[in-house]
Amino acid sequence: GESVGLHLPTLSVQEGDNSIINCAYSNSASDYFIWYKQESGKGPQFIIDIRSNMDKRQGQRVTVLLNKTVKHLSLQIAATQPGDSAVYFCAERMEYGNKLVFGAGTILRVKS
Amino acid sequence: EPEVTQTPSHQVTQMGQEVILRCVPISNHLYFYWYRQILGQKVEFLVSFYNNEISEKSEIFDDQFSVERPDGSNFTLKIRSTKLEDSAMYFCASRDFERPEQYFGPGTRLTVT
């Protein structure tokens, strides 16, 4: 069946360091992937997305890498700031589909 | 910047009662969604809606659930007879026709007692 899973529930990094959040997905039919940030009491906030015909996409301080061979997705945050502390979710969408299938989430804690 | 809004932010109801959760999607968006998140768990898809009809729904979205777009701006989720296990955060999301990213509202926390 469909599944998206995150390996590490909590990641602690020092302010200023780079963060890498990983995600494994199992559905090779997925054509689109997206990262969300969720702060306490708020809804998921769009960070960055990538289509399956790409392997890297960069945004402001964030980079998403997609490795379709091993079905792995990662989110890199450069120069992590205290405001980056949140739960990060990856999600996938099946080809020509509509719904997003979310992973379990990783808590990012930034230490000052 | 346009955003999805939801009301109420918190709804407390008794088991067996009907609730209606309201959402105002981003104004030029055409696809609308409801997701839910039970405390400490993943965000789960419930239903998607396009062109005034349901385009996809999950197993969770049984006969107790319904959605409606009563006018040009609101999108509602109704639960006819709430159960304890319906307690969760309910998120509305929307997207436009061209781009696939979905934008989420702040959620409604539903507590069924």
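Everything discussed here concerns the structure shown above.
A few words now on the sheet that holds strand β7 (residues 65-68) of chain B. Residues and elements named next belong to chain B. Taken together, 4 strands build an open sheet; the order of strands is β1-β3-β8-β7 and the sheet is antiparallel. Among the strands making up the open sheet, the edge pair consists of β1 (5-7) and β7. Taken over all neighbouring pairs, the strand axes of this sheet differ in orientation by 20° on average, direction set aside. Bridge analysis of β7 against strand β8 (residues 75-79) gives 4 bridges, and the strand direction is antiparallel. In the strand pairing of β8, V67 is matched with L77.

Here we take up the state of the cysteines. This model, assessed by the stated rule, comprises 2 disulfides over all chains. What pairs with C23 of chain A in a disulfide is C90 of chain A, and their sulfur atoms sit 1.9 Å apart. Disulfide C23 of chain A-C90 of chain A: the torsion about the S-S bond is 55°, which places it as right-handed. With a gap of 67 residues between them, C23 of chain A in strand β3 (residues 19-25) and C90 of chain A in strand β9 (residues 86-94) connect regions that are remote in the sequence. You can call C90 of chain A buried: its relative accessible area is 0%. The disulfide partner of C23 of chain B is C92 of chain B, and the S-S distance across this bridge is 1.9 Å.

On to the layout of surface pockets, then. Computed from the structure, the largest pocket encloses a volume of approximately 440 Å³. Lining the largest pocket are 16 residues, and of these Q45 of chain A together with E1, E3, Y103 and F104 of chain B sit closest to its centre. Contributions of two or more residues to the lining of the largest pocket are made by β5 (45-51) of chain A together with β10 (103-104) of chain B. Classifying every residue of the lining of the largest pocket gives 8 nonpolar, 3 polar and 5 charged. One number sums up the size of the second largest pocket: a volume of about 350 Å³. For the lining of the second largest pocket, the secondary-structure elements that each account for two or more residues are β9 of chain A together with β9 (88-95) of chain B. Of the residues that constitute the lining of the second largest pocket, the class distribution is 7 nonpolar, 6 polar and 3 charged.

What counts as what
Residues numbered from 1 in each chain as written. Chains lettered and ligands numbered in written order. Predicted model: local features only at pLDDT ≥ 70, side-chain atom pairs only at ≥ 80, totals over all residues. Heavy atoms only, no water. Pairing = 2+ DSSP bridges. Helix = DSSP H or I, 4+ residues; strand = E, 2+ residues; numbered from the N terminus. Axes fitted to C-alpha atoms, helices over the stretch in contact; angles between N-to-C directions. Disulfide = S-S within 2.5 Å. Buried < 20%, exposed > 50% of the residue type's maximum accessible area, 1.4 Å probe, protein only. 1 Å grid on protein atoms, 1.4 Å probe; cavity = no way out; pocket = protein on both sides within 12 Å on 5 of 7 lines; lining within 4 Å. Points joined across faces, edges and corners; volume = space filled by probe spheres on them. Nonpolar A, V, L, I, M, F, W, Y, C, P; charged D, E, K, R; others polar.

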